[in-house]
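Here's the letter readout for the chains.
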Amino acid sequence: MTVESTAPRKPRRSAGSKAKGADPDLVQLLTPEGKRVKNSKTAPYDKYVAGITPEELRGLYRDMVLTRRFDAEATALQRQGELGLWASLLGQEAAQIGSGRATREDDYVFPTYREHGVAWCRGVDPTNLLGMFRGVNHGGWDPTTNNFHLYTIVIGSQTLHATGYAMGVTMDGADSAVIAYFGDGASSQGDVAESFTFSAVYNAPVVFFCQNNQWAISEPTEKQTRVPLYQRAQGYGFPGVRVDGNDVLACLAVTKWALERARNGEGPTLVEAYTYRMGAHTTSDDPTKYRADEERESWEAKDPILRLRRYLEASNHANEGYFAELETESEALGRRVREAVRAMPDPDRLAIFEHVYADGHALVDEERAQFAAYQASFADEEGGK
């Protein structure tokens, strides 16, 4: 569990919103105004996006727009009672698309439950993400098809899974890499600390990608740590980098750099994508109770999609026709997602008893029979009316 205070409090600003001026440690290649940055701080990463084409830039923009549209549709579906819960990524599109597009096909990804943009980059159909949130399956896709693991609800445990998998990659002699996603709140978990220890000792080819969206549910980052999150890597003996999580180019470049280190046998890296959750933690949360409106407004000015659009327009890499076509595609995706969710069949209620034990179990058989009789009693009542 994350460190959470139960004392009542007024909405407040996070540590990030208090900071004055530019963060000297933040790697940024694209300013909020859409201007390209090149200096000594960006030099180690510039080469990873030096050859990026206008078509690739438009592709990154398309990825972010469609991911946001899908996310908005899922949120609306939950509000309409079609989903039990939804964890929005609103505001974190650049961190996910940039890092997701940095991976190779043979890399393996371990997500939490909010990596809808990374799933998009790995070729997982958006409709497959919704089955679990509708309660009709436990995941909805085969992890081996896209090297994208099922969503992990238990906070932080996927970093251990990723570390173990990365250790196995080394033992197999492969040159692929592993990337594990988690949030600032999850960084307080013991599992994350253990994964840092093991990955460092075994020089595992894993990238730990922390999306610091400023809030672990209702606790600001300043309540979670006394140092910037990326600096924690120093204590374990591997590099940590803080990147502008609203800058898709910076996220792409830094993640490519970190994955290259892993493939070259240089061990793990911690990437802290400094971003902001513009919506609620999940649809069961009300962020107005713990953070100020002006904080969100300040981050809306750093919107990752608007930032790249400004760059595309200033560079003459996209015109109004392109943006109009993308809007049409976006609306079509929303309709497809909505129709797919409403067409999902109800699950077999007795399926929860399958695969509990490999060879069956007498107690499970008894419980299955009791539950089946209970369900049948409703049918009997309906038939007797």
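Residues numbered from 1 in each chain as written. Predicted model: local features only at pLDDT ≥ 70, side-chain atom pairs only at ≥ 80, totals over all residues. Heavy atoms only, no water.

In the nomenclature of an unreviewed UniProt entry, the protein chain corresponds to Pyruvate dehydrogenase (Acetyl-transferring) E1 component subunit alpha from the organism Streptomyces prunicolor. According to the UniProt record, the Cofactor (unreviewed entry) comment for the protein chain is "thiamine diphosphate". (UniProt positions renumbered as here; feature names shortened; annotations may be inferred.)

Section: the sheet that holds strand S1 (residues 26-27)
Spatial ordering of the open sheet is given by S1-S7-S8-S4-S3-S2, a layout of six strands whose pairing is parallel. For this open sheet the edge positions go to S1 and strand S2 (108-110), each flanked by a neighbour on one side alone. Across three bridges, S2 lies against strand S3 (residues 178-183) in parallel orientation. By the bridge assignment, Val109 is partnered in S3 with Ile179. The strands touched by helix H10 (residues 248-263) within the sheet are S1, S3, strand S4 (206-212), strand S7 (240-244) and strand S8 (269-274), with S7 carrying the most contacts at an inclination of about 160°. (Pairing = 2+ DSSP bridges. Helix = DSSP H or I, 4+ residues; strand = E, 2+ residues; numbered from the N terminus. Contact = heavy atoms within 4.5 Å. Axes fitted to C-alpha atoms, helices over the stretch in contact; angles between N-to-C directions.)

Focus: unusual backbone geometry
Most peptide bonds adopt trans geometry, and most residues besides glycine take a negative phi value. Its identity is not glycine, yet Asn203 carries a phi of approximately 50°, on the positive side. On the secondary structure map, Asn203 appears in the loop between helix H9 (190-201) and S4.

A look at the nonpolar core
Counting residues in each nonpolar core, the largest one holds 67 residues, and the members touching the most others are Tyr61, Leu83, Leu130, Phe148, Tyr151, Val243 and Leu308. When residues in this core are grouped by element, the largest group, eleven residues, is from H10. For Val243, the contacting residues outside a window of four places in its chain are Leu26, Val27, Ala250, Cys251, Val254, Val271, Glu272, Ala273 and Tyr274. (Core = buried A, V, L, I, M, F, W, Y, C linked by side-chain atoms within 4.5 Å. Buried < 20%, exposed > 50% of the residue type's maximum accessible area, 1.4 Å probe, protein only.)

With respect to the UniProt feature "domain: Dehydrogenase E1 component" (unreviewed entry) in the protein chain
With numbering aligned to this structure, UniProt lists the feature "domain: Dehydrogenase E1 component" (unreviewed entry) at residues 62-342. For residues 62-342, helix accounts for 46% and strand for 11%, while the C-alpha atoms at its two ends are 26 Å apart.

A word on the pairing of S4
Taken across its seven residues, S4 has seven buried, putting it largely inside the fold. Going residue by residue along S4, you find Val206, Phe208, Cys210 and Asn212 tucked away on one face and Val207, Phe209 and Gln211 tucked away on the opposite face as well. Summarising the sheet, S3 and S4 pair through six bridges and their orientation is parallel. What sits directly across from Ile179, in S4, is Val207. Crossover S3 to S4 through H9 is right-handed. (Right-handed = clockwise from strand over helix to strand, strands pointing away.)

Observations regarding a nonpolar patch on the surface
Residues Phe198, Val201 and Tyr202 make up a contiguous nonpolar surface patch of roughly 330 Å² in combined accessible area. By the element assignment, Val201 lies in helix H9. Classification of Val201 by relative accessible area gives exposed; the value is 63%. (Patch = residues over 30% accessible without salt bridge, like charges linked within 9 Å, V, L, I, M, F, W, Y side chains within 5 Å. Areas by Shrake-Rupley, 256 points an atom, 1.4 Å probe, with all protein chains shown as cover. Salt bridge = Lys/Arg side-chain N within 4 Å of Asp/Glu carboxyl O.)

Details of the packing of helix H4 (residues 93-102) against H10
At their nearest, the axes of H4 and H10 sit 7 Å apart, and the two run at 40° to each other. Here H10 runs oblique to H4, going by the angle between their axes. The hand of the H4/H10 crossing is right-handed. Facing H4, whose interface residues are Ala94, Ala95, Ile97, Gly98, Ser99, Arg101 and Ala102, H10 presents Val248, Cys251, Leu252, Thr255, Lys256, Leu259 and Arg263. Its residues placed into classes, the contact of H4 with H10 shows eight nonpolar, three polar and three charged. (Parallel < 35°, antiparallel > 145°, perpendicular 65-115°, else oblique. Left-handed = near helix turned anticlockwise from the far one by under 90°. Nonpolar A, V, L, I, M, F, W, Y, C, P; charged D, E, K, R; others polar.)

Details of the pattern of salt bridges
It is possible for side chains of opposite charge to pair when their charged atoms get near one another. One pass over the full model with this rule turns up 24 salt bridges. Measuring nitrogen to oxygen at the nearest pair gives 3.5 Å for the salt bridge that ties Arg36 to Asp46. Placement of Arg36 in the loop between S1 and helix H2 (43-46) and of Asp46 in helix H2 is noted, with a sequence separation of ten residues between them. For Asp46, a relative accessible area of 13% translates into the label buried. Measuring nitrogen to oxygen at the nearest pair gives 3.0 Å for the salt bridge that ties Arg68 to Asp303. Placement of Arg68 in helix H3 (residues 54-79) and of Asp303 in the loop between helix H11 (293-300) and helix H12 (304-314) is noted, with a sequence separation of 235 residues between them. Note on Arg68: relative accessible area 19%, which makes it buried. Its relative accessible area of 11% is what places Asp303 among the buried residues. It is possible to trace a salt-bridge network through shared partners that takes in Arg69, Glu73, Glu331 and Arg338.

Digging into the state of the cysteines
By definition, a disulfide is the covalent link that joins the sulfur atoms of two cysteine residues. Inspection of every chain in the model, using the stated rule, returns zero disulfides. With no disulfide of its own, Cys210 lies 12 Å from the sulfur of Cys251, the closest cysteine sulfur. Among the residues examined, Cys210 registers a relative accessible area of 1% and is labelled buried. The structure places no disulfide on Cys251, whose sulfur is separated from the nearest cysteine sulfur, that of Cys121, by 11 Å. (Disulfide = S-S within 2.5 Å.)

Points about H10
With 16 residues, H10 extends 22 Å from end C-alpha to end C-alpha; this agrees with the ideal 22 Å at 1.5 Å per step. Along H10, 14 of the 16 residues are buried, which leaves the element largely enclosed by surrounding structure. The N-capping residue of H10, defined by a side-chain oxygen 3.1 Å from the backbone nitrogen of Leu249, is Asp247. (Expected span 1.5 Å × (residues − 1). Polar contact = N/O pair within 3.5 Å; in protein donor to acceptor, adjacent residues only side chain to side chain.)

Observations regarding the packing of helix H8 (residues 157-172) against H9
Taken N-terminus to C-terminus, the directions of H8 and H9 make an angle of 15°; their axes are 7 Å apart at the nearest point. Judged by the inter-axis angle, H8 sits roughly parallel to H9. Crossing angle aside, the handedness with which H8 passes H9 is left-handed. Here Ser157, Thr159, Leu160 and Thr163 of H8 lie close against H9, whose contacting residues are Asp191, Val192, Glu194, Ser195, Phe198 and Ser199.

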